[in-house]
Amino acid sequence: AQSVTQLDSHVSVSEGTPVLLRCNYSSSYSPSLFWYVQHPNKGLQLLLKYTSAATLVKGINGFEAEFKKSETSFHLTKPSAHMSDAAEYFCVVTKAAGNKLTFGGGTRVLVKP
Amino acid sequence: DTEVTQTPKHLVMGMTNKKSLKCEQHMGHRAMYWYKQKAKKPPELMFVYSYEKLSINESVPSRFSPECPNSSLLNLHLHALQPEDSALYLCASSPWGGQGENTEAFFGQGTRLTVV
């Protein structure tokens with residue numbers, strides 16, 4: 001079984017300040033973990049993925065995430081928020097390719113000028 | 001080409017209509033998915049196809065009928081829908097099998113469905 005909890009449903013930051021989106025997961029195997037971003041009325045775009053290689057993962061648009069097995073966490077960070085980062089972010093876990101993707105509840109990010 | 005293409009982008013249909021959503025990918029992926037997403041909610045899995053065979057059906061009502069005619073195409077046939085079926089329908093594809101690398105799913109832009 002697998003599950004994902006995103007600890008904040010909404011995050012508000014000022015432009016130029018750091019962003020932290022928190023994700024905890026539960027799985028009975030070594031998972032693959034992803035962060036996706038969804039802008040309004042759009043599909044989901046992959047930001048980054050963890051697949052048991054490096055625990056610090058760098059993604060697109062300056063985002064990165066750190067996999068911490070001891071804490072079962074996969075938090076997403078960005079050093080400096082941009083207005084274009086305003087969107088919904090989903091943390092996702094899967095056992096293997098072709099299997100069910102389990103989504104967290106999502107975190108809506110608001111960026112203030 | 002890492003694109004998943006969905007058509008149409010918007011669809012309005014009556015409760016007695018029959019319509020189809022289409023999805024296409026040319027990445028050689030052998031797993032394809034349909035997800036339903038209501039406003040302000042995460043996507044919910046409906047179906048998974050692996051090697052053109054239905055492998056997961058998340059107890060979806062029979063008014064939704066998936067079809068995978070070949071490894072690049074995925075259809076979702078709609079019949080006698082209800083207004084509560086109005087949602088964004090997302091198609092995705094991924095490699096099949098194995099863990100580690102190459103496990104991510106690529107999503108299309110979705111079809112915004114309104115049932116009237």
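Residues numbered from 1 in each chain as written. Chains lettered and ligands numbered in written order. Predicted model: local features only at pLDDT ≥ 70, side-chain atom pairs only at ≥ 80, totals over all residues. Heavy atoms only, no water.

Trainee: Hey, could you run me through the overall build of chain B in this one?
Mentor: Of the regular secondary structure elements, chain B holds zero helices and 11 strands. Along the chain direction, N to C, the helices and strands of chain B fall in the order β-β-β-β-β-β-β-β-β-β-β. Taking 116 residues into account, the globule formula puts the C-alpha radius of gyration at 13 Å, and chain B, at 14 Å, falls close to it. Principal-axis analysis of the C-alpha atoms gives chain B an extent of 45 × 25 × 25 Å. Within chain B, the fraction of its 116 residues that count as buried is 47%. Intrachain contacts of chain B at a sequence separation of at least 6 include 55% that bridge at least 24 residues. A total of about 5,700 Å² of accessible surface is found on chain B, and carbon and sulfur atoms cover 50% of it. (Helix = DSSP H or I, 4+ residues; strand = E, 2+ residues; numbered from the N terminus. Rg over C-alpha atoms; globule rule 2.2 N^0.38 Å. Buried < 20%, exposed > 50% of the residue type's maximum accessible area, 1.4 Å probe, protein only. Contact = heavy atoms within 4.5 Å. Areas by Shrake-Rupley, 256 points an atom, 1.4 Å probe, with all protein chains shown as cover.)

Trainee: Where do I start with the sheet that holds strand β1 (residues 4–7) of chain B in this structure?
Mentor: Working definition: the strands of a sheet are paired by backbone hydrogen bonds and lie parallel or antiparallel to each other. Residues and elements named next belong to chain B. Ordered in space as β1-β3-β8-β7, the four strands form an open sheet in which the pairing is antiparallel. Bordering the open sheet on either side are β1 and β7 (64–70), each of which pairs with just one other strand. Mean inter-strand twist for the sheet, computed between neighbouring axes without regard to direction, equals 20°. Judged from the four bridges that link them, β1 and strand β3 (residues 18–25) form a sheet pairing that is antiparallel. Counterpart to Thr-7 in the pairing with β3 is Lys-22. (Pairing = 2+ DSSP bridges. Axes fitted to C-alpha atoms, helices over the stretch in contact; angles between N-to-C directions.)

Trainee: What am I meant to see in the pattern of salt bridges here?
Mentor: Two side chains with opposite charge may pair up if their charged atoms get near one another. This structure, assessed with the given rule, holds nine salt bridges over all chains. With its nearest N and O atoms 3.1 Å apart, the salt bridge here joins Glu-58 of chain B to Lys-100 of chain A. Within this pair, whereas Glu-58 of chain B is found in the loop between β6 (53–57) and β7, its partner Lys-100 of chain A is found in the loop between β10 (87–94) and β11 (102–103), the two belonging to separate chains. According to the relative accessible area criterion, Lys-100 of chain A is partly exposed, its value standing at 35%. Where Asp-85 of chain B meets Lys-36 of chain B, a salt bridge forms, and the shortest distance between an N and an O atom there is 3.9 Å. Here Asp-85 of chain B is found in the loop between β8 (73–79) and β9 (87–94), whereas its partner Lys-36 of chain B is found in strand β4 (residues 31–37), with 49 residues between them in sequence. Each member of the pair, Asp-85 of chain B together with Lys-36 of chain B, is buried. What emerges from the salt-bridge pattern is a single network uniting Lys-36, Arg-63 and Asp-85 of chain B. (Salt bridge = Lys/Arg side-chain N within 4 Å of Asp/Glu carboxyl O.)

Trainee: Looking at this model, I keep getting lost on the nonpolar core. Mind explaining?
Mentor: Here is a general trend for soluble globular proteins: nonpolar side chains tend to be buried in one another's company. Leu-21, Trp-35, Leu-47, Leu-48, Phe-74, Leu-76 and Tyr-89 of chain A are the most contacted members of the largest nonpolar core, which totals 26 residues. A per-element tally of this core places β10 of chain A first, with four residues. Leave out the neighbours within four places in its chain, and Phe-74 of chain A touches Cys-23, Leu-33, Phe-34, Trp-35, Leu-48, Lys-49, Tyr-50, Ala-65, Glu-66, Phe-67 and Cys-91 of chain A. Judged by nonpolar contacts, the second largest core, of 23 residues, contains Leu-11, Met-13, Tyr-49 and Leu-78 of chain B. (Core = buried A, V, L, I, M, F, W, Y, C linked by side-chain atoms within 4.5 Å.)

Trainee: Please clarify how the environment of Gly-14 of chain B should be interpreted in this entry.
Mentor: All names here are of chain B. Secondary-structure assignment places Gly-14 in the loop between β2 (10–13) and β3. Owing to a relative accessible area of 17%, Gly-14 belongs among the buried residues under this scheme. Separated by 28 residues in sequence, Gly-14 and Pro-42 place their C-alpha atoms 26 Å apart.

Trainee: Where do I start with unusual backbone geometry in this structure?
Mentor: For residues that are not glycine, phi is negative in most cases, and the peptide bond is trans in most cases. Here the bond from Thr-7 of chain B into Pro-8 of chain B is cis, since omega is -10°, no more than 30 degrees from zero. For Pro-8 of chain B, the location among the structural elements is in the loop between β1 and β2. The backbone of Asn-61 of chain A sits at a positive phi, close to 60°, despite the residue not being glycine. Looking at where Asn-61 of chain A falls in the secondary structure, it is placed in the loop between β7 (56–58) and β8 (64–68).

Trainee: Before we go on, may I ask you to explain the side chain of Gln-37 of chain B in this structure?
Mentor: Position of Gln-37 of chain B relative to the elements: it lies in strand β4. Side-chain polar atoms of Gln-37 of chain B contact the side chain of Gln-38 of chain A, separated by 2.8 Å. (Polar contact = N/O pair within 3.5 Å; in protein donor to acceptor, adjacent residues only side chain to side chain.)

Trainee: Can you help me understand the interface of chain B and chain A in this one?
Mentor: Many structure descriptions define interface size as the accessible area lost when the parts assemble. Facing the 30 residues of chain B at the interface are 24 residues of chain A. Summed over both partners, the interface of chain B with chain A buries about 2,100 Å², with 53% contributed by carbon and sulfur atoms. For the interface between chain B and chain A, the tally reads two salt bridges. Within the residue set of the side of chain B that touches chain A, elements represented by two or more residues are β4, β5 (44–50) and β9 of chain B. Along the lines of polarity and charge, the residues of the side of chain B that touches chain A split into 14 nonpolar, 10 polar and six charged. (Buried area = accessible area lost by both parts, 1.4 Å probe. Nonpolar A, V, L, I, M, F, W, Y, C, P; charged D, E, K, R; others polar.)

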